[in-house]
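This is what each chain is made of:
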Amino acid sequence: MSVHGSWERAARGAMLLGADGELRQTIFGEMSALAASTGAINLGQGFPDEEGPIEVLDAARQAIRDGANQYPPALGMPVLREAIAAHQQRFYGLRVDPDSQVLVTAGATEALAATILALTEEGDEVLTLEPFYDAYGAMIAFGKATHVTVPLRAPHFLPDHEDLRAAVTDRTRLILINSPHNPTGSVLPRETLELIIELAYDHDAIIVTDEVYEHLTFEVEHTPISSLPGGFDRTVTISSGGKTFSTTGWKIGWIIAPQPILQAILAVKQYLTYVNGAPFQPAIAVGLGLPDEFFSGVASTLQHKCEILSAGLTSAGFTVSTPQAGYFVIADAAALGVTDAAEFCRSLPSLAGVAAVPVSAFVHPDRRGGFETLLRFAFCKKIDVLERAAAQLAELRLN
């Protein structure tokens, strides 16, 4: 029996559907399975292996004991919406109305899905940077919109302004940016954000910004595009607590947007998950109110972890790009004689006992020039795990 449906568009958009119609598993699933079967250290998927702050975990336990186990309000619990608004004021000087401009979601992924589905129609163009988080492609295709990309090139992985100007047209409905960026770890500078605002006004587009790594920057400041002049009125800001508080399994995210835009997104979101994570919402509210030392400490610890892993990669002969933020480091294996990072990733667990993912998995097949030898390694792991991985990589020798 043939099973046809809109899943095909989503799979094709995520680059999982071959020309023969065969559905492939994600590269993350493939590499994780390979790591499990070989006993390799899994640096392919970006999830922490350490618990989050005890205050946040205890708050979730207390919420369960207190009976916060039924449906929360459609917009999200007031305590979390108020904490999100206070967070925006505290860190970015943004005044946000928690009752009309904040929506709690099932992680940033649902927030992105609801936003793209709500704000686009068939034939609209959605612009992203490339490499891009694979879910973007799936969601854009699911909504029958057209995916347009602007490339990010090594070593700095920043978009060329002329490329941006050429890519944004009157057909552009959404300009979807991810800063800090996954997989490259780049942070868009203020002048690029200002250009994006200019282009959004010139072409009547809406900006959607994925900021889940907002607190995980290394000696560089994260600037929300909504905090810049003219930014808030045309921006849907998406973030979550998973990365900052090492609670990726809780799936507590949020959207901040002007009320008319937020209401349009809610009209779709309420028919996706409806609501989620009742006892985790007050816990993330506690996290957003933690002292400054927590947020600076999370970032500095991650930077140290990045340095440990990068040293091992460099010793192995990789050319390593220094990320400005996030969970990941990009390493170029060309100097090792590698020409196909995807195939190299499939052999790396047996060669070095470490799993990674190829950056080409985040790039359309016809645009992979310049990305063929790049690998993404996750450093959001325990220090002893990273030290072991670095030592094993340093011993890597290819014939």
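The structure presented is a predicted model; accordingly, all values stated were derived computationally and were not measured.

*Asks:* It is not clear to me how the overall build of the protein chain should be interpreted in this structure. Could you clarify?
*Replies:* Counting secondary structure elements, the protein chain contains 13 helices and 13 strands. By principal-axis analysis of the C-alpha atoms, the protein chain measures approximately 60 × 50 × 50 Å. Every one of the 399 residues in the protein chain was classed for burial, and the buried ones make up 58%. A sequence separation of at least 24 residues applies to 75% of the contacts in the protein chain between residues at least 6 apart. About 16400 Å² of surface is accessible on the protein chain, with carbon and sulfur atoms providing 51% of the total.

*Asks:* Would you mind going over the nonpolar core with me for this structure?
*Replies:* Looking at soluble globular proteins, one finds that nonpolar side chains tend to be buried together. The biggest cluster of nonpolar side chains holds 98 residues, and the ones touching the most others in it are Val236, Ile255, Leu309, Phe318, Leu348, Leu375 and Phe377. With nine residues, the single largest contributor to this core is helix H11 (residues 292-316). With residues up to four places along the chain from it excluded, the contact list for Phe318 reads Leu313, Ala331, Asp332, Ala333, Leu336, Phe344, Leu375, Phe377 and Leu396. Judged by nonpolar contacts, the second largest core, of 27 residues, contains Leu164, Ile177, Leu228 and Leu374.

*Asks:* Looking at this model, I keep getting lost on the pairing of strand E7 (residues 235-240). Mind explaining?
*Replies:* The side chains of a regular strand alternate, first on one face of the sheet and then on the other. With six of six residues buried, E7 lies mostly within the body of the structure. Alternating positions in E7 separate into two faces, Thr235, Thr237 and Ser239 on one and Val236, Ile238 and Ser240 on the other, with burial throughout. Taken together, the four bridges between strand E6 (residues 206-210) and E7 define a ladder with parallel strand orientation. If you follow Asp210 over to E7, its bridge partner there is Ile238. Pairing between E7 and strand E8 (residues 252-256): four bridges, direction antiparallel.

*Asks:* Honestly, the sheet that holds E7 in this entry has me stumped. Any pointers?
*Replies:* Strands pair in a sheet through their backbones, by hydrogen bonds, and they do so in one of two ways: parallel or antiparallel. Judged by pairing direction, the sheet is mixed, and its seven strands sit side by side in the order E2-E8-E7-E6-E5-E3-E4 without closing on themselves. Among the strands making up the open sheet, the edge pair consists of strand E2 (102-106) and strand E4 (146-151). The mean inter-strand angle of the sheet, taken between neighbouring strand axes irrespective of direction, is 25 degrees. Against the sheet, helix H10 (residues 280-288) engages E2 and E8, with an angle of about 70 degrees to E8.

*Asks:* How should I be thinking about the pattern of salt bridges in this particular structure?
*Replies:* Two side chains that carry opposite charge are able to pair once their charged atoms sit near each other. According to the stated counting rule, one finds 14 salt bridges in the structure shown. For Glu130, the salt bridge is made with Arg367, and the minimal N-O distance between the two is 3.5 Å. On the criterion of sequence distance, the pair formed by Glu130 in strand E3 (residues 125-130) and Arg367 in the loop between strand E12 (357-358) and strand E13 (374-378) is long-range, its members being 237 residues apart. On the basis of relative accessibility, which here comes to 3%, the residue Glu130 falls in the buried class. For Arg367, a relative accessible area of 31% gives the class partly exposed. Residue Arg346 pairs with Glu343 through a salt bridge whose shortest N-O separation is 2.9 Å. Of the two residues, Arg346 and Glu343 both sit in helix H12 (residues 341-352), three residues apart, roughly one turn of that helix.

*Asks:* Where do I start with the pairing of strand E10 (residues 328-332) in this structure?
*Replies:* Counting buried residues in E10 gives four out of five residues, a clear majority hidden from the surface. Two strands pair when backbone bridges link them, and strand E9 (residues 319-321) and E10 are joined in this way by three bridges, in the antiparallel orientation. When the bridges of E10 are listed, Ser321 appears paired with Ile330. Linking E9 back to E10 in an antiparallel pair, the connection comprises six residues, with Gly326 at a positive phi of about 90 degrees.

*Asks:* Would you take a moment to explain the environment of Ser300 for this structure?
*Replies:* Structurally, the position occupied by Ser300 is in helix H11. Residue classification places Ser300 among the partly exposed residues on the basis of a relative accessible area of 42%. Expressed as a C-alpha distance, the spacing of Ser300 and Gly369, which sit 69 residues apart in the sequence, is 34 Å.

Cut-offs applied
- Residues numbered from 1 in each chain as written.
- Predicted model: local features only at pLDDT ≥ 70, side-chain atom pairs only at ≥ 80, totals over all residues.
- Heavy atoms only, no water.
- Helix = DSSP H or I, 4+ residues; strand = E, 2+ residues; numbered from the N terminus.
- Buried < 20%, exposed > 50% of the residue type's maximum accessible area, 1.4 Å probe, protein only.
- Contact = heavy atoms within 4.5 Å.
- Areas by Shrake-Rupley, 256 points an atom, 1.4 Å probe, with all protein chains shown as cover.
- Core = buried A, V, L, I, M, F, W, Y, C linked by side-chain atoms within 4.5 Å.
- Pairing = 2+ DSSP bridges.
- Axes fitted to C-alpha atoms, helices over the stretch in contact; angles between N-to-C directions.
- Salt bridge = Lys/Arg side-chain N within 4 Å of Asp/Glu carboxyl O.

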